[in-house]
Amino acid sequence: MNKTPIAKLIPFVFLFFLFSCSVGKRDKIDQEIESLLTKMTLEEKVGQMAQITLDVIGKGDSRYNSYEPFSVDTAMLRKAILEYHVGSVLNTTNNYALPPAQWNEIIGFIQQVAMEESRLRIPVVYGIDAIHGVTYTEGATIFPQQITLAATFDPVHAYNMARVTAYETRASGIPWNFSPVLDLGSDPRFSRQFEGFGEDPYLIGVMGEQMILGYEGITDSVNSPYKVATCVKHFLGYAVPASGKDRTPAYIPENMLREYHLEPFKKAIDAGAESVMINSGIINGISVHANHKIITELLKEELKFEGVVVSDWMDIINLHTRDKIAVDNKEAIKLAINAGIDMSMIPYEFERFCQNLVALVKEGEVKESRVDDAVRRILKMKMKLGLWENPVTRIDDYPEFASEKSAREAYQAAAEAITLLKNENNMLPLSKSTKILVTGPNANSMRVLNGGWTYSWQGEKTDHYAQQYNTILEAIQHKVGAVNVKYVPGVSYVEGGHYYEDKEDRFGEAIRQAKNVDVVVLCLGENSYTEKPGDLNDLTLSHNQLNLAKELAKTGKPVVMVLSEGRPRCISAIEPLMAGIVLTYLPGNYGGDALADILFGDVNPSGKLPYTYPSYPNSLVTYYHKPAEEQKRAEGAYIYESDYNPQYEFGFGLNYTSFEYSNLRISSETIDKNKPVEIFVDIMNTGSRSGKEVVMLYTSDLYASITPDVKRLRRFTKIELEPGEKKTVKFELNARDLAFITPDGKWVTEPGDFEIKTGSLKQTIKYE
Ligand code: BGC
């Protein structure tokens, strides 16, 4: 008998076995939940839906601040868990980072009360914002922020960051992470643009999916002690308020909401994301926390999301206090829970939330079946996380916490992201014997390299916690020796002031010193911030910083401007004066080292812009704009400023070598509904250094029933080439990749011609 067919079947039998096991496990979880649910009182169920912040159960004079050092207020903890059955705790205390062992102790204590003293012994699920490494754990590996990872255009860095962060979050005893941010970062004014993957829906989706896999596991699952449950946020349309300011109204037509905002969330949900956090804002006049269409119809029914829907901070209360759509707190709770919220990040007055929700159910204003649905989802996440068996994980079991390997991965991500925007006469890389003046408010600070959500919410404590890492100045000094490096701040941020306040600081001396060196490295940008405190009135770089750049340029010495910033601040007034420009974004604790390696040529830069860098605050058009947004002035016609003319385009970034694209070919002249086309292009390194290139594939719908975008990114890949080396890159494209959403919300690929573009090459393909 021929054995081959059976041998071939073995992997399938094995897969079927795994599949049956996981189905069996899921059924078992469902049965256990149903049995638990029948034992629960209404009060116990409602308690599961309540989430409080750590300070509420910390010793202190008020609910809002705890004494330092932190210790649990046992009476308050018992009240929350035993009397009100609170099911979840979040956040850190007094906005500080704690050592992992202290986290273990706090969470261990909470779980002890929940699991040894409560009637049903249901564990608490602890949640945290560990958004680029474990924000609130001392000594954790801090990676670049998401916007920086996006600039690598290599999803492996998103995966690595999430994998390491999951491990170190669990080492801190925490199983649930409010990350990743999958908001469409199309408005550079928004204070949280740095928390996401930039302006392109496809790039966000690809990176986001890798973060889910890194957090939750590819082969294992969230009950592994090295994985965490993710929370994708902020569903939906959070990052584009009309004013550009956080938590102010947005106006988004349905087709745009679906085509540009929804896709990355859909991908993350398909990849298994365990929870979703709701947008704090208001879309088309409706607070999203009260929007049944978005939370229940779209997320839970259409996308078939089975996980937990958690509110954002105080956002149920906000329906009453801020948005005025509920006359009191009770009505706010009714609106939000009926819209589909499962857990309320209250986060302070849990008594009021629990009492009101119990009353609403008794009065028939909220159905008990809605509460059951919410509790089922919450208990399921807790069971999947293995909290009954392993309620708190401990640092001693995590030998790889803050390992060398993780540090290398964080460094590598920064090194592949930093983007070279200008290099006049190839003045970079610099020779290691160059005499340098390092100046500017961002030259000697770890805070500016990390941004918000680093050791504290606003990141203002970073210089205290991150002393062992190198600022830009220190990294340059280590690289070339301190003798050739002078440092004068010129401009400094105001200590204790608002993040955007800066002042002259030995300004004249900086200009004088510039005359004695070969090159000036001018470090500008922003100080750290996030959310409302990061709102901004003017996207232009600050007056003092522009002035420093202008005066330094007047010395005639070449100036290399290094920008470390959470969003692209306008620099058009000084850009022509700079010999070189390097954008670090927010590269994290190893960003200074990565930058120094790039400035002196030990690393060849390969980062590309994940957003459009605008020239002016009134021209904030993304790369996927409409043809009408590119109206050029005809010869002799009136002058008007309607040109699409950004400072730098999405996807732009220079390299110390050069690449030539040739021989674009497509497997077929037409694209079929059911068969993908294959696209090939040859890329050659024509320079003298090895380097990495991001190969991007764009398409343009030439004519459509809705005015089409000028182009859209459909695929990308990052390759490495030695000097003289040539590689062929292959992409596959489906008819669905050419589709757009009609005003009534349907995906359609319309027959007609489409242009396929990569580098400066293009070809037309037909869809019939
Ligand atoms: C933010 C969320 C965050 C939550 C908990 C909110 O203010 O909008 O992104 O997860 O706080 O810290």
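Residues numbered from 1 in each chain as written. Predicted model: local features only at pLDDT ≥ 70, side-chain atom pairs only at ≥ 80, totals over all residues. Heavy atoms only, no water.

Caption draft 1: Seen up close, the domain arrangement of the protein. Here the protein is described as being made up of domain 1 (33-397), domain 2 (419-599) and domain 3 (657-767). Computed from C-alpha coordinates alone, the two centres of domain 1 and domain 3 are separated by 37 Å. Taken together, the contacts link 14 residues of domain 1 with 17 residues of domain 3. Counting the surface lost from both domain 1 and domain 3, the interface buries some 1400 Å², and carbon and sulfur atoms represent 60% of this. The largest contributions to the domain 1 side of the interface with domain 3 come from Phe 153, Tyr 202 and Glu 259, which together make up 46% of the buried area. For the pair domain 1 and domain 3, the interface holds two salt bridges. Put simply, Arg 712 and Glu 259 hold a salt bridge, and the shortest N to O gap is 2.9 Å. Scanning the region where domain 1 abuts domain 3 turns up five residue pairs in polar contact (both at pLDDT 80 or more). A per-element tally of the side of domain 1 that touches domain 3 places helix H8 (residues 254-270) first, with five residues. Grouping the amino acids of the side of domain 1 that touches domain 3 by side-chain chemistry returns seven nonpolar, two polar and five charged. (Domains from an automatic or database assignment. Contact = heavy atoms within 4.5 Å. Buried area = accessible area lost by both parts, 1.4 Å probe. Salt bridge = Lys/Arg side-chain N within 4 Å of Asp/Glu carboxyl O. Polar contact = N/O pair within 3.5 Å; in protein donor to acceptor, adjacent residues only side chain to side chain. Helix = DSSP H or I, 4+ residues; strand = E, 2+ residues; numbered from the N terminus. Nonpolar A, V, L, I, M, F, W, Y, C, P; charged D, E, K, R; others polar.)

Caption draft 2: Just the site of the ligand, in detail. The local shell around the ligand holds 13 residues, among which Asp 129, Arg 192, His 234, Asp 312 and Glu 531 are the closest. At a separation of 2.8 Å, an oxygen atom of the ligand approaches a polar side-chain atom of Arg 247. Note that an oxygen atom of the ligand is positioned 2.6 Å from one of the side-chain N or O atoms of Asp 312. Out of a free accessible area of 310 Å², the ligand has 96% covered by protein chains. Residues that form the shell around the ligand fall into these classes: six nonpolar, one polar and six charged. (Near = heavy atom within 4 Å. Areas by Shrake-Rupley, 256 points an atom, 1.4 Å probe, with all protein chains shown as cover.)

Caption draft 3: Representation of the pattern of salt bridges. A complete count under the given rule lists 55 salt bridges for this structure. Among the ionic pairs, Glu 34 bridges to Arg 376, the shortest N-O distance being 2.7 Å. Residue Glu 34 is located in helix H1 (residues 4-39), and its partner Arg 376 is located in helix H13 (residues 368-384); the two are separated by 342 residues in the primary sequence. Put simply, Arg 258 and Glu 254 hold a salt bridge, and the shortest N to O gap is 2.8 Å. You can see Arg 258 and its partner Glu 254 sitting in helix H8, four residues apart, about one turn around the helix. The class of Arg 258 is buried, set by a relative accessible area of 16%. (Buried < 20%, exposed > 50% of the residue type's maximum accessible area, 1.4 Å probe, protein only.)

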